[in-house]
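# Examining the three-dimensional arrangement
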Amino acid sequence: MKTHTSQKFVVGNWKMHTTSSEAEHLAKGIIEGFDRSEHVTVILCPPFPYLALVGEMLKGTQIALGAQNMYPDKEGAFTGEVSPTMLLDLGCKYVILGHSERRHKLGESDAFINQKVECALSAGLNAILCVGETLEQRNAKQTQAVLDSQLSQGLANVPPEFFSRLSVAYEPVWAIGNSLHHENPQQAQDALLLIRKKLSQICGDFRAQQMIVQYGGSVEPENATAYLGQHDIDGVLIGGASLKADKFLAIVHAAIAENEAEMQPV
Ligand code: PGA
């Protein structure tokens, strides 16, 4: 039986997809197909323009609302940006930070991501910090160095009491949106173990054991159980498969079944 979490996390990252009617249809399908369960935490992260719409629909359900990004300040002259205060006002409980698409396509640095993590947590949000290596870095055997550096820089100076609202998502860049990659849950487990060891150094064994550490990268209904069954994988961050209610729900149900199995005394 695992000790670090009592629930699996399933996060839907809709990225820059959906129109308002598609967002409404998708959220409706997920809400209608999901039965309450103490075995799973489900989080939907629609694009900013649809947070209010989806947030309204999620009220009274067991599904939480999350955002895909934020600016690290409460308010100010930051044209086009969205603050943690605004996210909380819209009912967000979670925010994804440091996603590889923001690191690599929008040039976000570890220092900037660190400011976001600190600001999100001090505002009262739960932060999901994404880390992961590129294919070139993996081939050059730099995976551990990259993960260590993204974690130590991303979490620099984060007060220890904030760690209970932090989770980490391992998202190898080469596996994201790439259903053709050769999926390898054991490889994911190996990386997540490195992440948990680094977290132990940063915030101590107890907090590191309690922390939710997730995997993301082409998770589909067909492979979700294999990932969720790994010892250090407490949840999954889903991109493509979160855009179809039936696929997303199949992953949620796989997470519930896996958690039920793990909770059985051996
Ligand atoms: P994917 O995306 O499931 O489409 O690979 C995961 C993510 O980027 O969060």
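Not measured: the values here are computed from a predicted model.

### A word on the packing of helix α7 (residues 143-154) against helix α8 (residues 185-203)
Viewed as axis vectors pointing N to C, α7 and α8 meet at an angle of 40°, and their least axial separation amounts to 10 Å. As judged from the angle between their axes, α7 and α8 are oblique. Where α7 crosses over α8, the two elements pack in a sense that is right-handed. Taken together, the residues of α8 that come into contact with α7 (itself represented by Gln-144, Leu-147, Asp-148, Leu-151 and Ser-152) are Ala-191, Leu-194, Ile-195, Lys-198, Leu-199 and Ile-202. Classifying every residue of the contact of α7 with α8 by side-chain character gives seven nonpolar, two polar and two charged.

### Brief notes about the pattern of salt bridges
This structure, assessed with the given rule, holds eleven salt bridges. When the shortest N-O distance is used, the salt bridge between Glu-262 and Lys-8 registers 3.2 Å. Here Glu-262 is found in helix α11 (residues 245-263), whereas its partner Lys-8 is found in strand β1 (residues 8-13), with 254 residues between them in sequence. For Lys-8, a relative accessible area of 1% gives the class buried. Lys-28 is paired through a salt bridge with Glu-32; the nearest N and O atoms lie 3.3 Å apart. Placement of both Lys-28 and Glu-32 in helix α1 (residues 20-33) is noted, with a separation of four residues, approximately one turn of the helix. A relative accessible area of 57% means that Glu-32 is categorised as exposed.

### Remarks on the sheet that holds strand β6 (residues 166-170)
Pairing within the closed barrel is parallel, and its eight strands lie in the order β1-β2-β3-β4-β5-β6-β7-β8. In this sheet, adjacent strand axes meet at a mean angle of 25° when their direction is disregarded. Judged from the two bridges that link them, strand β3 (residues 63-67) and strand β4 (residues 94-97) form a sheet pairing that is parallel. Considered in β4, the bridge of Gly-66 is made with Tyr-94.

### Describing the site of the ligand
The local shell around the ligand holds 13 residues, among which Lys-15, His-99, Gly-177, Ser-218 and Gly-240 are the closest. For the ligand, an oxygen atom lies 2.7 Å from a polar atom in the side chain of Lys-15. Separating an oxygen atom of the ligand from a backbone N or O atom of Ser-218 is a distance of 2.7 Å. For the ligand, the protein covers 96% of the area, taking 280 Å² as the surface of the free molecule. Considering only residue class, the shell around the ligand consists of four nonpolar, seven polar and two charged.

Procedures and definitions
- Residues numbered from 1 in each chain as written.
- Predicted model: local features only at pLDDT ≥ 70, side-chain atom pairs only at ≥ 80, totals over all residues.
- Heavy atoms only, no water.
- Axes fitted to C-alpha atoms, helices over the stretch in contact; angles between N-to-C directions.
- Helix = DSSP H or I, 4+ residues; strand = E, 2+ residues; numbered from the N terminus.
- Parallel < 35°, antiparallel > 145°, perpendicular 65-115°, else oblique.
- Left-handed = near helix turned anticlockwise from the far one by under 90°.
- Contact = heavy atoms within 4.5 Å.
- Nonpolar A, V, L, I, M, F, W, Y, C, P; charged D, E, K, R; others polar.
- Salt bridge = Lys/Arg side-chain N within 4 Å of Asp/Glu carboxyl O.
- Buried < 20%, exposed > 50% of the residue type's maximum accessible area, 1.4 Å probe, protein only.
- Pairing = 2+ DSSP bridges.
- Near = heavy atom within 4 Å.
- Polar contact = N/O pair within 3.5 Å; in protein donor to acceptor, adjacent residues only side chain to side chain.
- Areas by Shrake-Rupley, 256 points an atom, 1.4 Å probe, with all protein chains shown as cover.

Read these as spatial facts, not as claims about activity.
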